[in-house]
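# Secondary and tertiary structure notes
Here are the chains, one letter per residue:
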Amino acid sequence: MRIVFLGTPEFTLPLLETCARVGELAAVVAQPDRPAGRSATPQPPASKRWALERGIPVEQPDKVKNGRLAALLARYSPDVAVVAAYGRILPADALATPRYGCLNVHASLLPELRGAAPAQWAVARGYTRTGVTILQMDEGLDTGDIRLQRECAIAPDETGESLLRKLSPLGAQALEEALRLLERGELPRTPQDHSRATLAPLLTREDGRADFTRTAQELDQRRRGFTPWPGAWTTAGGEVLKIHAARPLESGGRAPGEVVAAGAEGIDVSCGSGTVWRLLQVQPAGKTAMSTSAYLAGHPLRKGDRLGG
């Protein structure tokens, strides 16, 4: 089975290994090199580095519409295209080019969490289970038929980053099974129940801003879900204060955003429903991460002070 793989970040590497093992990996299509670091020197994405090390052709089209991507795929005569975290919407002509169409490896149990950041939002919304879906791609946003799914648990201390590391090999296992079944003509195909769909949109910096009207539990879920980016942050004394470690407490709160205690144990901030969020490690602007006790030594906070505005 000839496969063309479309994907960009490190999450895709186990999937690439699967494609190369199960079939003939004819080419890898990735996003163009992007500037990185202080020097802003263009750096190749993870999938490109992986492919070049193995002598596999790499394509990095700037544009995919108006037949460009379809023509690129046609040059490799793929039986199937496997897509994961490519970062571009595939037009209809490209979806129809491979013999068996395009299979997407999506990091949620569709129809829940359609969109660009399903693992991050699963943690942020307090899910206890998620998984991966192999779906037949159509022109919608993760709306195609489900071909195969596999579940996994979300740990109580899970972050968006750690969940992606967990889902990547699970996705590779599911993809291997799906490709073998597809080749034998035995891969199931089930339409999604669109009435159950939820969205997991692309993250923005504002998603990390702590809204203290939420409960402490909700804020901590979001902190973990949005690790490493955009993280959780607030403002103190007009300066941005990143929150790296914290713990929700059940009660003791007053007005949202009000400091109810600040000392060796942490900075306790009042949140919604009378809950309290204890900040344990923070990072002021221009500094490295530090314990809250170290922060308080240079930035005193007192009971009744407010964070976030």
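Placed above this text is the structure.
The structure reproduced in this document is the subject of the present report.

How each quantity is defined
Every chain is numbered on its own, with residues counted from 1 as its sequence reads. Reporting in this predicted model follows two pLDDT cut-offs: at least 70 for local features of residues, and 80 or more for side-chain atom pairs to be given and counted; totals over whole chains, interfaces and linings ignore these cut-offs and use all residues. Side-chain descriptors were evaluated using all non-hydrogen atoms of the structure, hydrogens and water having been removed beforehand. To sort residues, take the accessible area from a 1.4 Å probe on protein chains only and compare it with the maximum for the residue type: under 20% means buried, over 50% means exposed, and anything in between is partly exposed. A run of H or I in DSSP counts as a helix once it spans at least four residues, and a run of E counts as a strand once it spans at least two, with each numbered from the N terminus. Along the arc lie the directions from the helix axis toward the C-beta atoms. Here a residue-residue contact requires only that any non-hydrogen atoms of the pair lie within 4.5 Å. Two strands make a pair as long as DSSP finds a minimum of two bridges between them.

## Structural notes on helix H3 (residues 68–75)
If you check which residues of H3 are buried, you get Leu69, Ala70, Leu72 and Leu73. Mapping the buried residues of H3 onto a view down its axis gives an arc of 160 degrees, with all of them on the same face. Those residues of H3 that are buried are in contact with strand S1 (2–7), strand S2 (24–29), strand S5 (58–59) and helix H4 (92–95). Remark: Ser77 follows H3 within two positions and exhibits a positive phi of approximately 45 degrees.

## Describing the sheet that holds strand S9 (residues 146–153)
Read from one edge to the other, the open sheet built from seven strands follows the order S5-S2-S1-S6-S7-S8-S9, with strand pairing classed as mixed. Here the strands that pair on one side only, and so sit at the sheet edges, are S5 and S9. In this sheet, strand S7 (residues 102–106) lies alongside strand S6 (residues 80–84) in parallel orientation, the contact comprising three bridges. Bridging across to S7, Ala81 finds its partner in Cys102.

## Notes on the environment of Leu167
Secondary-structure assignment places Leu167 in helix H6 (residues 160–183). Overall, Leu167 belongs to the buried group, its relative accessible area being 0%. Leu167 sits 58 residues away from Gly225 along the chain, and the two C-alpha atoms are 14 Å apart. Ignoring any residue separated from it by four or fewer positions in sequence, one finds Leu167 in contact with Phe11, Ala107, Ala119, Thr130, Gly131, Val132 and Cys152.

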